[in-house]
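# Survey of secondary and tertiary structure
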Number of protein chains: 2
Amino acid sequence: MNNNRKINDMEAIPSLVQSQRQINRYNLDMDAQAILVASRLMAAGAQLGQASEIHFSRFGLSTGRYRVLADLEDNEGEELPSQLAEHLGVTRATVTGLIDILERDGLVSRRLSSKDGRQRSVILTEEGAKKLREMAPEHFAWLEATVGLLSIDERSVFLDLLGRVTQGISALTEEPGSKPK
Amino acid sequence: MNNNRKINDMEAIPSLVQSQRQINRYNLDMDAQAILVASRLMAAGAQLGQASEIHFSRFGLSTGRYRVLADLEDNEGEELPSQLAEHLGVTRATVTGLIDILERDGLVSRRLSSKDGRQRSVILTEEGAKKLREMAPEHFAWLEATVGLLSIDERSVFLDLLGRVTQGISALTEEPGSKPK
DNA sequence: GAGATATAATTAGGAACCTAACTATATAGG
DNA sequence: CCTATATAGTTAGGTTCCTAATTATATCTC
């Protein structure tokens, strides 16, 4: 009896009842479903992030390091660390760390810029390009599978809604002290 | 001075053109939009996760530590670490770390179980309950604001689609037979 | 020019979560 | 019993990404 090991893996996912209960507890006037949607989105984001790291570890990469390689490939195989940071939405310090490992593994190389002594170009090596080629089929199949349960039309809708949620989050992070509605 | 990095850099958001270009490069037969949706979802998840940490840091908490407090409150203020781990979807090792800090800050306390010598109950202290009360209005307003750009109906649709994507990810992470290192 | 300021990249250290190994306790098989 | 195994929680160490400070170079102002 003390051994109530639950079959309920669903416990990790917040329910509407739980959201409503939390709102009621403090007599707040809020839409419980809005709270639920936000909570679920956060849970989904965390889950996808973890799944992504596992996925890329099969290729000896991390999510961040893959994104560096892919972004380099999208830019003729050469970029500045600051450009990578901007494209990936991470700090330059993070890019330095990502490149350190990619360089150690021979997938990129660093080169001094002639134009500006402060800059260092990051170059996609042939080995890096080969890595991308080799993993492409499996990687894209994985990406496609994450949305495989949605129809084409539903994907469009989802993309639209997700875009607006992203906007909402952006607005929140840009105005730290402001008051919503 | 306000050198805050914007989490929502437009450059960080993958475009359909970019997705199609990647697919074409390797002559893969895939739906570029599916790739785009998956990529955007990952970006949104990461963005929301970062925004969440910033949000909770205003209350001296992290996302994980808040979730511990909230889950305790939803369970009469007392739970086992293993229950918390299951509810939060994190490992027991992570729960140990979360509780260490919450206990240090006086928001929870640990108590030995009389039933089973291996168990330790985690208790929400009065100070912990007070913290939840104090932050509730601002916190729920923040949560609601993240989906504030969606109508009520759209939130329902989004919730449904998100649920199926989550299912898809679960299926992916459970199935692959290859052994992790 | 010379000093102040801005910018590119790096370094140092921190926070969150993970896996794997460890400790202590409980339970099951012979 | 008493050894073998399972379980609860913790510890140790790794990964990812962060902020803040540092180093080197460029640019603006006087």
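What comes next concerns the included structure.

## Some points on the relation of the copies chain B and chain A
You can overlay chain B on chain A at an RMSD of 0.1 Å; the transform is a turn of 180° with a shift of 0.0 Å along its axis. Each copy turns onto its partner about a two-fold axis. Closest approach to the rotation axis among the C-alpha atoms of chain B is made by B:Gly45, whose C-alpha sits 1.8 Å away. By residue overlap, the copies meet face to face through one surface: 95% of the interface positions of chain B are interface positions in chain A.

## Considerations on the protein's contact with DNA strand C
Every one of the 24 residues lining DNA strand C counts as a neighbour, but A:Pro81, A:Ser82, A:Arg110, B:Ser62 and B:Thr94 are closest to it. Protein-proximal atoms of DNA strand C, defined as those within 4 Å of the protein, fall in sugar or phosphate at a share of 71%. Contact between DNA strand C and B:Gly117: a phosphate oxygen at 2.8 Å from a main-chain N or O atom of the residue.

## Describing the sheet that holds strand 3 (residues 120-124) of chain B
All names here are of chain B. Read across the open sheet, the three strands follow the order 1-3-2; overall the sheet is antiparallel. Both outer strands of the open sheet, strand 1 (78-79) and strand 2 (108-112), are each paired with one neighbouring strand and no more. Taken together, the two bridges between strand 1 and strand 3 define a ladder with antiparallel strand orientation. Across the sheet, residue Glu79 finds its bridge partner in strand 3, namely Val122.

## Looking at the packing of helix 1 (residues 16-25) of chain A against helix 2 (residues 32-57) of chain A
Residues and elements named next belong to chain A. Running from N to C, helix 1 and helix 2 point in directions that differ by 120°, and their axes come no closer than 8 Å. With respect to their mutual orientation, helix 1 and helix 2 come out oblique. Between helix 1 and helix 2 lies a crossing whose hand is right-handed. Residues Leu16, Ser19, Gln20 and Ile23 of helix 1 lie in contact with helix 2, whose contacting residues are Ala32, Gln33, Ile35 and Leu36. Residues of the contact of helix 1 with helix 2, tallied by class, amount to five nonpolar, three polar and no charged.

## Topic: the protein's contact with DNA strand D
Around DNA strand D, the surrounding shell holds 25 residues, and the nearest of these are A:Ser62, A:Thr94, A:Gly117, B:Pro81 and B:Arg110. Looking at DNA strand D alone, sugar and phosphate atoms form 70% of those within 4 Å of the protein. In the environment of DNA strand D, a phosphate oxygen lies 2.8 Å from a nitrogen or oxygen atom belonging to the side chain of A:Arg65. Within the backbone of A:Thr91, one N or O atom sits 3.2 Å away from a phosphate oxygen of DNA strand D. Residue assignment for the surface near DNA strand D shows that the elements contributing at least two residues are helix 3 (63-73) and helix 5 (92-104) of chain A together with helix 4 (81-88) and helix 5 (92-104) of chain B. In terms of residue class, the surface near DNA strand D is made up of six nonpolar, ten polar and nine charged.

## Examining the nonpolar core
Ranked by internal contacts, the top residues of the largest apolar core, which has 101 residues, are A:Phe140, A:Phe158, B:Phe140 and B:Phe158. Beyond its immediate stretch of four places on either side in the chain, A:Phe140 contacts A:Tyr66, B:Gln22, B:Ile23, B:Leu28, B:Met30 and B:Ile35.

## With respect to the pattern of salt bridges
Counted by the stated rule, this structure contains 28 salt bridges over all chains. Three or more residues are tied together by salt bridges with common partners; here these are A:Arg21, A:Arg25, B:Glu73 and B:Asp74.

## Quick look at the environment of A:Arg21
Residue and element names in this part refer to chain A. Take Arg21: it is sitting in helix 1. What makes Arg21 partly exposed here is its relative accessible area of 39%. Taking the C-alpha atoms as reference, Arg21 lies 8.7 Å from Ala32; in sequence the two are eleven residues apart.

## Looking at the interface of chain B and chain A
Contacts between chain B and chain A engage 78 residues on the former and 80 residues on the latter. Carbon and sulfur atoms supply 66% of the area buried between chain B and chain A, which totals about 7,700 Å² over both sides. One can count ten salt bridges joining chain B with chain A. Applying the counting criterion to the chain B and chain A interface returns 22 residue pairs in polar contact (both at pLDDT 80 or more). Among the secondary structure elements, those contributing two or more residues to the side of chain B that touches chain A are helix 1 (16-25), helix 2 (32-57), helix 3 (63-73), helix 4, helix 6 (126-146) and helix 7 (152-174) of chain B. Considering every element that reaches the side of chain B that touches chain A, the biggest residue donor is helix 7 of chain B, with 18 residues.

## Overview of the sheet that holds strand 2 (residues 108-112) of chain A
A sheet is described by the order of its strands in space; here three strands give the open sequence 1-3-2 (chain A), paired in antiparallel fashion. Taken across any chain shown, the strands that pair with only one partner, and hence form the sheet edges, are strand 1 (78-79) and strand 2 of chain A.

## Some thoughts on the packing of aromatic side chains
Applying the stated criterion across every chain, the model contains three aromatic pairs over all chains. Between the aromatic rings of A:Phe158 and B:Phe158, the centroid separation amounts to 5.5 Å while the plane-to-plane angle is 15°, which identifies the pairing as stacked. Placement of the pair is A:Phe158 in helix 7 (residues 152-174) and B:Phe158 in helix 7, with the two residues belonging to separate chains. Relative accessible area serves as the criterion here: at 0%, A:Phe158 is assigned to the buried category. Summarising the aromatic geometry, the rings of B:Phe56 and B:Tyr66 are spaced 4.7 Å apart at their centres and angled 25° between planes, so their arrangement reads as stacked. With B:Phe56 in helix 2 and B:Tyr66 in helix 3, this pair connects stretches of sequence that are ten residues apart. In this pair, the class of B:Phe56 matches that of B:Tyr66, namely buried.

## Quick notes on the pairing of strand 3 (residues 120-124) of chain A
All names here are of chain A. Within strand 3, four of the five residues are buried, leaving the element largely enclosed by the surrounding structure. Direction of pairing for strand 2 relative to strand 3: antiparallel, over a ladder of five bridges. In the strand pairing of strand 3, Val108 is matched with Leu124.

What counts and what doesn't
Residues numbered from 1 in each chain as written. Chains lettered and ligands numbered in written order. Predicted model: local features only at pLDDT ≥ 70, side-chain atom pairs only at ≥ 80, totals over all residues. Heavy atoms only, no water. Least-squares fit on C-alpha atoms with pLDDT ≥ 70 in both. Contact = heavy atoms within 4.5 Å. Near = heavy atom within 4 Å. Polar contact = N/O pair within 3.5 Å; in protein donor to acceptor, adjacent residues only side chain to side chain. Pairing = 2+ DSSP bridges. Helix = DSSP H or I, 4+ residues; strand = E, 2+ residues; numbered from the N terminus. Axes fitted to C-alpha atoms, helices over the stretch in contact; angles between N-to-C directions. Parallel < 35°, antiparallel > 145°, perpendicular 65-115°, else oblique. Left-handed = near helix turned anticlockwise from the far one by under 90°. Nonpolar A, V, L, I, M, F, W, Y, C, P; charged D, E, K, R; others polar. Core = buried A, V, L, I, M, F, W, Y, C linked by side-chain atoms within 4.5 Å. Buried < 20%, exposed > 50% of the residue type's maximum accessible area, 1.4 Å probe, protein only. Salt bridge = Lys/Arg side-chain N within 4 Å of Asp/Glu carboxyl O. Buried area = accessible area lost by both parts, 1.4 Å probe. Phe/Tyr/Trp six-rings, centres within 6.5 Å; stacked < 30°, edge-to-face > 60°.

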